[in-house]
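Each chain, written out:
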Amino acid sequence: MTRKHFLLAPMAATLLATTGLASAQTVLSVSTWLPPAHGATMAQNQWCEAVEKETKGSVKCNLLPKAVSAPPGTFDAVRDGLADVSFTVDGYTPGRFIFTQVAEFPFLGDSSTTTSVAYQRIYDKYFAPLGEHRGVKALAVFTHGPGIIFTVKQPVASAADASKLKFRIGGGNINELSKAMGWNTTLKPATESFELLSTGVMDGTFFPDESLQSMRLSMVKYATTFPGGLYNTSFVFMMNEAKYKGLKPEERAAIDKVSGEAAARMFGAGWDRTDSASRDIQKQTGVQRQMANDAFVNDVKAKQAALEDKWVAAAEGRGLKNARAVLAEFRAEIQKVK
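Source: prediction; values computed, not measured. (Residues numbered from 1 in each chain as written. Predicted model: local features only at pLDDT ≥ 70, side-chain atom pairs only at ≥ 80, totals over all residues. Heavy atoms only, no water.)

Participant: Teacher, can you tell me more about the side chain of Asn173 here?
Facilitator: Within the secondary structure layout, Asn173 lies in helix H6 (residues 173-181). Contact partners of Asn173, with chain neighbours within four places excluded, come to Glu104, Phe105, Pro106, Gln304 and Leu307. (Helix = DSSP H or I, 4+ residues; strand = E, 2+ residues; numbered from the N terminus. Contact = heavy atoms within 4.5 Å.)

Encoded structure:
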């Protein structure tokens with residue numbers, strides 16, 4: 001070996017080692033269809049930071065500049081590898097998911113964190129083993145905060161008031177409940193709300209509090225709230241299954257550690273934080289809020305009872321044993337979450 005070769009050898013070894021480290025790093029492409037400052041997007045980013053920390057940098061995220069799909073197509077986009085990680089609303093594809101509807105019933109609770117964590121526990125125990133989200137690796141499930149009726153030109157104080165208006169809804173149980181109530185609703189993604197309300201195509205929308213800010217719905221002037229919410233929306237946070245299985249065992253273990261209930265808490269806390277901030281802004285901007293009276297609540301309960309019977313039958317038809325007891329366990333679990 002010449003002196004020149006002798007001097008270059010350590011440099012070459014260092015270069016090979018550096019190249020080896022770089023090639024060993026896994027980069028996850030991460031997509032969101034919600035705005036960058038939205039609580040769910042920020043929670044997803046927080047999960048990415050936790051993954052990088054737990055894997056000591058061997059797994060990192062690449063936050064894509066735009067969504068790889070419209071919201072209803074996100075599940076299939078992750079399944080097919082257009083993105084490695086994202087989240088979506090189960091109800092955006094009606095009839096596809098059955099068990100998830102349990103997290104969408106009225107009057108469950110006033111906090112995204114409590115409903116999300118309880119939902120995750122029930123999901124792990126009963127729904128995941130039955131393959132509700134087969135085709136992807138379900139990292140976590142969560143719900144948004146309590147659902148509210150928001151309107152532009154007039155308040156809604158009763159079921160009859162609501163029946164005179166046109167609403168955008170996001171799907172799931174609220175879609176079925178609206179039909180049972182005789183309300184005029186149209187299934188559209190959250191991202192279309194601004195156009196629908198600003199042009200007068202719709203008179204209102206069903207949303208959690210934070211959406212007034214994240215969807216820039218400054219035209220909304222009235223809100224009707226319900227104890228525990230008129231509804232919730234079930235979300236799945238997911239990863240491409242092949243990507244997950246292709247990771248090293250210790251990397252999968254690290255991802256599992258920051259997923260499940262830990263991730264459900266991230267998303268729930270993010271939503272609660274932005275819901276609270278929105279309520280403060282609504283006070284400043286003069287949004288008129290009222291709590292639904294007992295008659296309105298009872299009208300909803302009467303129609304929801306039949307929908308719960310329908311869900312029990314459908315869930316048991318998909319293999320869930322004693323679905324009514326699972327629903328009762330879910331409601332009880334919400335009260336236990338700290």
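Participant: Help me understand the pairing of strand E10 (residues 234-240), please; the structure alone is not making it clear to me.
Facilitator: Regular strands place side chains that alternate from one sheet face to the opposite one. Most of E10 is tucked away: seven of the seven residues are buried. In terms of strand pairing, strand E3 (residues 85-89) meets E10 through five bridges, oriented antiparallel. Paired with Val89 across the strands is Phe235, a residue of E10. Relative to E10, strand E4 (residues 136-143) runs antiparallel, the two sharing seven bridges. Paired with Phe142 across the bridge in E10 is Phe235. (Buried < 20%, exposed > 50% of the residue type's maximum accessible area, 1.4 Å probe, protein only. Pairing = 2+ DSSP bridges.)

Participant: Would you take a moment to explain helix H13 (residues 323-336) for this structure?
Facilitator: In an α-helix, one turn spans 3.6 residues, which is why side chains three or four residues apart end up on the same side. Given a rise of 1.5 Å per residue, 14 residues ought to cover 20 Å, and the 20 Å separating the end C-alpha atoms of H13 matches this to within 8%. Every buried residue belonging to H13 is among Ala323, Val326, Leu327, Phe330, Glu333 and Ile334, and all of these are buried. Looking down the long axis of H13, one finds its buried residues gathered within 120 degrees of arc, a one-sided arrangement. For H13, exposure combined with an orientation more than 90 degrees from the buried face picks out Gln335 and Lys336. In this fold, the buried residues of H13 make contact with helix H4 (112-127) and helix H12 (294-317). (Expected span 1.5 Å × (residues − 1). Arc of directions from axis to C-beta.)

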